[in-house]
Structure formats: C-alpha cells, structure tokens
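What the coordinates show
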Amino acid sequence: DRDVTGVQTCALPISGDVPDASWVVFSADHDLESEFVAQLKTAGATVSMVTAAPNCAFSQTGPQEFRIDPLATDHYYKLVAALGPSEAQNFVNFWSLSHDADSASVTFYSQLFLAQALGEKDLAGQKNMWVVSNGLAEIAQDDRLQREKAILLGICRTVPSEYPNISCGVIDVGAKTPQVAEILIRHCAKKPQKAFTAYRMGRHWVQHFEPVRLAASKQTKAVREGGVYLIRSEEHTSELQSHHDIV
C-alpha cells in the first residue's frame with residue numbers, strides 16, 4: 001500500500017477583523033504586498049517593514065523600517081531586539097512571491113533564522129510566521145509550478161516541532177485577484193491551521209493524502225532475504241574494471 005497526495009477545497013475559519021497586534025512584513029515591493037500593508041494600517045495595526053539587501057549592514061532606515069542581509073543570521077537577532085516592546089505577533093514574508101528561482105532558498109533561510117532568533121529570545125505568547133508564495137500548487141489552468149519552492153513546506157512543517165509557541169505556514173495565492181489582500185489579512189491574522197494552503201477561485205485548498213492499494217508485482221524480486229550484495233560507486237566500478245583488464 002502507499003499514499004497519494006492531492007488537494008481539496010475546504011472551509012477554513014478566518015477572523016473577521018484585524019486583531020490589535022503588531023505585524024512584521026518582509027517586503028518584496030509587490031503590488032499584493034502593498035495592498036496588504038495599506039489595509040493593515042487602515043485598520044489601525046502596527047506594521048514594521050523589513051527589506052532585503054544582500055551583503056548590507058543591519059540598519060533601521062526609518063520608524064518601523066529595517067534593512068537586513070537576508071542570509072546573515074545575526075541580522076535576525078538584531079531585528080527581534082530592535083522590535084523591542086512591540087512584541088510582534090504576525091510575521092509575513094513576501095520574498096518568494098515571484099518567479100525568481102533564488103527566492104525559495106533565500107526565504108527558506110530567512111524563516112529558519114527568524115525562528116531561531118524568536119526561539120532563543122524566549123518571547124512570550126504565540127508567534128505566527130507566514131510565507132506568501134506562488135508556484136507551489138497546480139490548481140488553476142494558468143498555475144505554473146516552481147518545484148524548487150517545495151523546500152518552503154519543509155521549514156514550515158519543522159519549525160513548530162522545535163519551538164512550540166511558533167506556528168508556521170505557507171499560503172500560495174497564485175495570480176493576483178480582487179479582494180485577495182483582504183482575504184490574506186484575515187487568513188494570516190490567525191495561527192496557521194495547516195502547513196500549506198492555497199487560495200484559488202475564492203476558496204482555500206489544502207493538501208490531503210489518500211491510501212491506494214497497489215497490485216501485486218509479477219516481477220522477480222531483485223533483492224532476496226539473506227542475500228549478499230556489493231554496493232559500489234562509479235569510481236569503484238572503474239577500479240574493478242581496471243583490475244579485471246590487468247588480470
């Protein structure tokens with residue numbers, strides 16, 4: 001037997017109002033992100049913005065605005081310290097909402113380093129880490145899969161097991177549609193209920209697994225119980241061939 005994976009639509013409860021909490025947005029200067037931040041601020045939420053600049057020094061560029069090197073571990077510790085008494089609850093990362101192949105690995109490490117910084121700071125209260133992305137699910141006809149982004153699912157499934165008060169989730173929003181920013185705010189205002197969710201056609205889609213029974217194979221087993229086998233690399237194969245030629 002084995003399991004096969006797929007996606008199915010589901011009704012995920014989302015909050016009606018933006019909670020009185022501080023937000024940290026890792027900015028990629030995306031249209032959806034701009035709408036997301038504007039609506040948060042209109043609702044009265046406190047929003048800190050973080051932009052990425054490779055090989056830069058950590059700096060605070062304005063009130064609640066920061067610039068970091070996304071691959072510098074210590075910058076995340078400095079960021080958490082600089083946020084200070086705001087005690088941000090929701091961290092939303094837009095860095096992988098693109099078709100750039102490198103965005104997945106940068107976002108992966110940013111989630112890892114942020115989780116470590118939050119965890120070692122031992123901050124009280126629930127922390128929600130979200131990755132807003134695309135290319136992870138093939139649901140609509142115009143969806144374009146980016147398989148290198150699968151690593152984002154791994155980090156979001158691992159973080160909560162290491163830090164019980166930190167939840168992590170990925171939401172794939174696909175192509176920008178009307179009202180998606182509002183839906184995204186309501187979705188991210190709560191603790192992630194699934195490590196992966198996709199939003200398409202006004203619905204939430206989640207990954208699910210179904211058991212499938214495979215027919216018995218008629219082929220003779222290549223490996224038998226009690227057998228003795230030699231496992232060799234290509235290098236060793238060439239060495240064995242050389243010895244054979246000498247003999």
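Since we're looking at a predicted model, the values are computed, not measured.

**As for the nonpolar core**
Within the largest apolar cluster, 32 residues are counted, with the highest numbers of intra-cluster contacts made by Phe 26, Tyr 76, Phe 91, Leu 114, Met 129 and Val 170. Residue assignment for this core shows that the elements contributing at least two residues are strand 2 (22–27), strand 5 (65–68), helix 2 (73–83), helix 3 (103–121), strand 7 (127–133), helix 4 (151–162), strand 8 (166–172) and strand 9 (196–200). Setting aside anything within four residues of it in sequence, one finds Tyr 76 in contact with Phe 26, Ile 68, Asp 69, Pro 70, Trp 95, Ser 110, Phe 113, Leu 114 and Ala 117. In this structure, Trp 23, Val 25, Phe 36 and Cys 188 belong to the second largest nonpolar core, which totals 24 residues.

**Focus on helix 5 (residues 180–188)**
Counting buried residues along helix 5, 7 of its 9 residues qualify, which places the element largely inside the surrounding structure. Among the residues of helix 5, those classed as buried are Val 180, Ala 181, Ile 183, Leu 184, Ile 185, His 187 and Cys 188.

**Some words on the pattern of salt bridges**
Throughout the structure, instances matching the rule amount to 4 salt bridges. The partner of Lys 78 in a salt bridge is Asp 74, and the shortest N-O contact between them spans 3.5 Å. Here Lys 78 and its partner Asp 74 are both found in helix 2, 4 residues apart, which amounts to about one turn of the helix. Residue classification places Lys 78 among the partly exposed positions, given a relative accessible area of 41%. When its relative accessible area of 38% is taken as the criterion, Asp 74 is described as partly exposed. Three or more residues joined by partner-sharing salt bridges are found here, namely Asp 143, Asp 172 and Arg 200.

**Concerning the pairing of strand 6 (residues 90–93)**
With burial as the criterion, each face of strand 6 is covered, one bearing Asn 90 and Val 92 and the other bearing Phe 91 and Asn 93. When strand 2 meets strand 6, the two strands line up parallel, connected through 4 bridges. In the strand pairing of strand 6, Val 24 is matched with Phe 91. The sheet contact formed by strand 6 and strand 7 spans 4 bridges and is parallel. Residue pairing for strand 7: Asn 93 is matched across the bridge by Val 131.

Calculation notes
- Residue indices follow the written sequence of each chain, beginning from 1 at its first position.
- At least 70 in pLDDT is required for a residue's local features to be given in this predicted model, at least 80 for side-chain atom pairs to be given and counted, and no such filter applies to totals for whole chains, interfaces and linings, which use all residues.
- Note that the side-chain values use all heavy atoms of the structure and ignore hydrogens as well as water.
- As used here, the term nonpolar core means buried Ala, Val, Leu, Ile, Met, Phe, Trp, Tyr and Cys residues forming a set that is joined through side-chain atoms within 4.5 Å.
- A simple rule labels every residue: compare its accessible area, found with a 1.4 Å probe on the protein chains alone, to the largest value its type can have, and call it buried under 20%, exposed over 50%, or partly exposed in between.
- For the purposes of this entry, the term helix denotes a DSSP run of H or I that reaches at least four residues, the term strand denotes a run of E that reaches at least two, and both are numbered from the N terminus.
- By definition in these notes, contact holds between two residues if any of their heavy atoms fall within 4.5 Å.
- Each salt bridge in this description consists of a side-chain nitrogen of Lys or Arg and a carboxyl oxygen of Asp or Glu lying within 4 Å of one another.
- Here, strands pair whenever DSSP counts at least two bridges between them.

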